[in-house]
Amino acid sequence: SGHEGTAVNRDNFGIDLACLHGPLAARLAAAESAGFAQVMLWARDLTDHPQGYQAAVDLVRASKLQVSGLQLIRNYEGLSGPAHDYKLEVVKAMLDICADIYAPRLVVSASSSVPHRREPGSVDADLRKLANLAVPMGVRIGFKADPLGHAVPDVQKAWDLVCRVDHANLGLVLDSYHFIADGLPLEVLNDISPEKISLIQLADFSAPIMQGSGRARADHTRVFPGEGVMHEQLAAFVRHADWLGYNGAYSFLVFNDDYRDLPAHVVAPRAARAMAWVNNQALRRRLPLNRLRRA
């Protein structure tokens, strides 16, 4: 066809349903007609469905879309006593939801409320327990830094924790938006085994990066890749992940207050253009010999 160099590998791209607004059926239809192969769901997409949870599960199963995974477990690790038991029940229920919608991964965000006087090693033990619980369900755990938390605020700390836990069913979720906002050099990624990266979430910036207290608010100024002011840094990030040998899924994660006011069928084509942009800018597959040689 003569377009091999820029063919979008659509199978690897998903859109997070947080990017789209309106009824679940409309969002699924918009993602599918825009050419996405995968969607990332949130538990509330199912539990808030007006016709009930089972109807939502049926909608997801009936669509041609694959489910990339389920968002999001927060503030899980490092608790003790009744608080820990409570959170474990929530986790088990989330794993059941994963099973219902055939979600291959559950995203876990690093705790932002870990008590200072926690037992040493309790965080590692908690993540190990979670990874074990997910094995019989056929679900992989993807662990993600939380820039607003103290315990694991960035990719380096998250990777250290994943390495310490050292469980085949636990991987790392990379969020390009957080990575670029943290100002980390791309070389930081060189220490991460590409096969331990569970998922890469992509977003661009509608405005220059705010540091400090502006960060929480800034999360809602995400735009699709290529639409923003940090598109060169984003392209470099994706190229670097590709060079490392990452072959897994990409998911667009765009919280945007402007898009909240627009119907899903208007926003989804923008995401489709972003998918083509990522591919053309960043994922032109080079010859294998350009890939990083791992000792």
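Please read these numbers as outputs of a predicted model, since none were measured by experiment.

### Side note on the overall build of the protein chain
Per the secondary structure count, the protein chain includes eleven helices and ten strands. Taken over 295 residues, the protein chain has a buried fraction of 52%. At a minimum sequence separation of 6, the contacts of the protein chain that also span at least 24 residues come to 80%. For the protein chain, the exposed surface amounts to about 13,500 Å²; the carbon and sulfur share of it is 52%.

### Things to note about the packing of aromatic side chains
If you walk through the whole model with that rule in mind, you get nine aromatic pairs. Relative to Phe-255, the ring of Trp-42 has its centre 6.3 Å away and its plane inclined at 70°; by these criteria the two rings are edge-to-face. One end of the pair, Trp-42, is in strand S2 (residues 38-42); the other, Phe-255, is in the loop between strand S10 (250-252) and helix H10 (257-260), with 213 residues separating them in the sequence. Under the relative-accessibility criterion, Trp-42 is labelled buried at 6%. With 5.3 Å between their ring centres and 55° between their planes, Phe-179 and Phe-237 make a pair best called tilted. Of this pair, Phe-179 sits in helix H7 (residues 176-181) while Phe-237 sits in helix H9 (residues 231-244); the two residues are 58 residues apart in sequence, bridging distant segments of the chain.

Thresholds applied
Residues numbered from 1 in each chain as written. Predicted model: local features only at pLDDT ≥ 70, side-chain atom pairs only at ≥ 80, totals over all residues. Heavy atoms only, no water. Helix = DSSP H or I, 4+ residues; strand = E, 2+ residues; numbered from the N terminus. Buried < 20%, exposed > 50% of the residue type's maximum accessible area, 1.4 Å probe, protein only. Contact = heavy atoms within 4.5 Å. Areas by Shrake-Rupley, 256 points an atom, 1.4 Å probe, with all protein chains shown as cover. Phe/Tyr/Trp six-rings, centres within 6.5 Å; stacked < 30°, edge-to-face > 60°.

Any link to function would need more than the numbers given here.
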